[in-house]
Amino acid sequence: MVKITIYTTRSCPFCHRAKYLLDKKKAVYEEIDVGNSPELRQEMVQRSGRNTVPQIFINSLHIGGCDELYEMDIESKLDPLLDQPA
């Protein structure tokens, strides 16, 4: 089973949009809210090299944010990743 991790905050519209696409594809993901946790935000920055949300990982591959996720979907590159085992 594929492992998806998405770092988010509650008020982020891009986070909601990214989760919408993943939900539409019936993908199961772990959501990590970094809004009130400097430690979790630091973990996200260390993993991704970025300090904006969302940051999305599929297995160990850093996808990027919402725009990158949608771009992968448009280019038909997302579904094959979602079908990979962890």
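Structure: above.
Not measured: the values here are computed from a predicted model. (Residues numbered from 1 in each chain as written. Predicted model: local features only at pLDDT ≥ 70, side-chain atom pairs only at ≥ 80, totals over all residues. Heavy atoms only, no water.)

Draft legend 1. Seen up close, the pairing of strand E2 (residues 29-33). For strand E1 (residues 4-8) and E2, the ladder comprises 5 bridges, and the chain directions are parallel. The partner of Thr5 across the bridge, within E2, is Glu30. (Pairing = 2+ DSSP bridges. Helix = DSSP H or I, 4+ residues; strand = E, 2+ residues; numbered from the N terminus.)

Draft legend 2. Seen up close, the pairing of E1. Counting buried residues in E1 gives 5 out of 5 residues, a clear majority hidden from the surface. Because side chains alternate across E1, one face comprises the buried residues Ile4, Ile6 and Thr8, and the other comprises Thr5 and Tyr7, equally buried. For the crossover that starts at E1, traverses helix H1 (residues 13-24) and ends in the parallel E2, the hand is right-handed. As paired strands, E1 and strand E3 (residues 55-58) are joined by 4 bridges and run antiparallel to one another. Opposite Ile6, over in E3, you have Ile56 as the bridge partner. (Buried < 20%, exposed > 50% of the residue type's maximum accessible area, 1.4 Å probe, protein only. Right-handed = clockwise from strand over helix to strand, strands pointing away.)

Draft legend 3. Region of interest: helix H3 (residues 66-74). Those residues of H3 that sit buried are Cys66, Leu69, Tyr70 and Met72. Each buried residue of H3 sits inside an arc of 155° when the element is viewed along its axis, so together they form one side. Turned more than 90 degrees away from the buried face of H3 sit Asp67 and Ile74, all of them exposed. Against H1, E3, strand E4 (61-64) and helix H4 (78-82) lie the buried residues of H3. Ser76, located one to two residues past H3, shows a positive phi value of around 60°. (Arc of directions from axis to C-beta. Contact = heavy atoms within 4.5 Å.)

Draft legend 4. Inspection of the packing of H1 against H3 at higher detail. Contact pair H1 / H3: the axes reach a minimum separation of 9 Å and the direction vectors enclose 30°. Of the possible angle classes, the one that applies to H1 and H3 is roughly parallel. As for the relative orientation of H1 and H3, their crossing is left-handed in sense. Contacts between H1 and H3 involve Phe14, Arg17, Ala18, Tyr20, Leu21 and Leu22 from the former and Cys66, Asp67, Leu69, Tyr70 and Asp73 from the latter. Looking at the contact of H1 with H3, its residues break down into 8 nonpolar, no polar and 3 charged. (Axes fitted to C-alpha atoms, helices over the stretch in contact; angles between N-to-C directions. Parallel < 35°, antiparallel > 145°, perpendicular 65-115°, else oblique. Left-handed = near helix turned anticlockwise from the far one by under 90°. Nonpolar A, V, L, I, M, F, W, Y, C, P; charged D, E, K, R; others polar.)

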